[in-house]
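Listed here are the chains, written in short residue letters.
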Amino acid sequence: DTAVSQTPKYLVTQMGNDKSIKCEQNLGHDTMYWYKQDSKKFLKIMFSYNNKELIINETVPNRFSPKSPDKAHLNLHINSLELGDSAVYFCASSQEWEKAGELFFGEGSRLTVL
Amino acid sequence: ELKVEQNPLFLSMQEGKNYTIYCNYSTTSDRLYWYRQDPGKSLESLFVLLSNGAVKQEGRLMASLDTKARLSTLHITAAVHDLSATYFCVRSYGQNFVFGPGTRLSVLP
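Caption draft 1: Highlighting the interface of chain A and chain B. The interface of chain A with chain B comprises 22 residues on the first partner and 18 residues on the second. For the pairing of chain A and chain B, the buried interface totals around 1,800 Å² over both sides, and the portion due to carbon and sulfur atoms is 54%. The element contributing the most residues to the side of chain A that touches chain B is strand S4 (residues 31-37) of chain A, with 4 residues. Across the side of chain A that touches chain B, the residue classes break down as 12 nonpolar, 5 polar and 5 charged.

Pasting the structure below:
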């Protein structure tokens, strides 16, 4: 069983379109995250939810909107896609004080905006 | 500002050699992690260092933490090609994880 799963793995779309990425974790963790990894491999946090509540909201364009219907799911919706949105988006989860609170990552979703 | 720096950013080394990757961070925090990422793949946790003086070893990799110097090291012993990957140093502040820029390691035959 995959611990943190994201869909889709690949997204190719045109500028101006709207797209969503879904994430689910079956680890029972309370906290979930979205990270963006750019072409230089830099990883930057975008959002974090703890038990469905938004706790970290970095400086991200408001075209990006996370949604957490329950603590096992965290989805990312992106409106009006731009070329600069092309990146790999990683979902992750963690549970503080369990297994040293490390992050468990999904496989990533590679978004290409043409 | 929470900062994590790594040195070097790129490392090309021959099989059988030893080398150390350095990680400096700007403020005290809870924990330090090392993650590995293979090209086109996800990230996997290698080590978690919880306190000053902590040392962890797994195979040819050994990680250590000096909280007074705000420094962690990842030492590679007798490198093999399979270790080629990007290695990230990560500090956590509560549930906020701050990543270093990564060290891209290439081990050449």
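This is not the end of the story, as more comes after the structure.
Caption draft 2: Spotlight on the pattern of salt bridges. All names here are of chain B. For the structure on display, the rule yields 4 salt bridges over all chains. Between Asp38 and Arg36 there is a salt bridge; the shortest N-O distance is 2.9 Å. A relative accessible area of 26% means that Asp38 is categorised as partly exposed. A relative accessible area of 13% places Arg36 in the buried class.

Caption draft 3: The nonpolar core, seen in detail. Counting 25 residues, the largest nonpolar core has Leu32, Trp34, Leu74, Ile76, Tyr87 and Leu105 of chain B as the members making the most contacts within it. Of all the secondary structure elements, the ones that give two or more residues to this core are strand S2 (10-14), strand S3 (19-25), strand S4 (31-37), strand S5 (43-49), strand S7 (61-66), strand S8 (71-76), strand S9 (85-93) and strand S11 (103-108) of chain B. Ranked by residue count, the leading element in this core is S9 of chain B, at 4 residues. Listed in part, the 19 residues of the second largest apolar core include Met32, Leu76, Leu81 and Val113 of chain A.

Cut-offs applied
Residues numbered from 1 in each chain as written. Chains lettered and ligands numbered in written order. Predicted model: local features only at pLDDT ≥ 70, side-chain atom pairs only at ≥ 80, totals over all residues. Heavy atoms only, no water. Contact = heavy atoms within 4.5 Å. Buried area = accessible area lost by both parts, 1.4 Å probe. Helix = DSSP H or I, 4+ residues; strand = E, 2+ residues; numbered from the N terminus. Nonpolar A, V, L, I, M, F, W, Y, C, P; charged D, E, K, R; others polar. Salt bridge = Lys/Arg side-chain N within 4 Å of Asp/Glu carboxyl O. Buried < 20%, exposed > 50% of the residue type's maximum accessible area, 1.4 Å probe, protein only. Core = buried A, V, L, I, M, F, W, Y, C linked by side-chain atoms within 4.5 Å.

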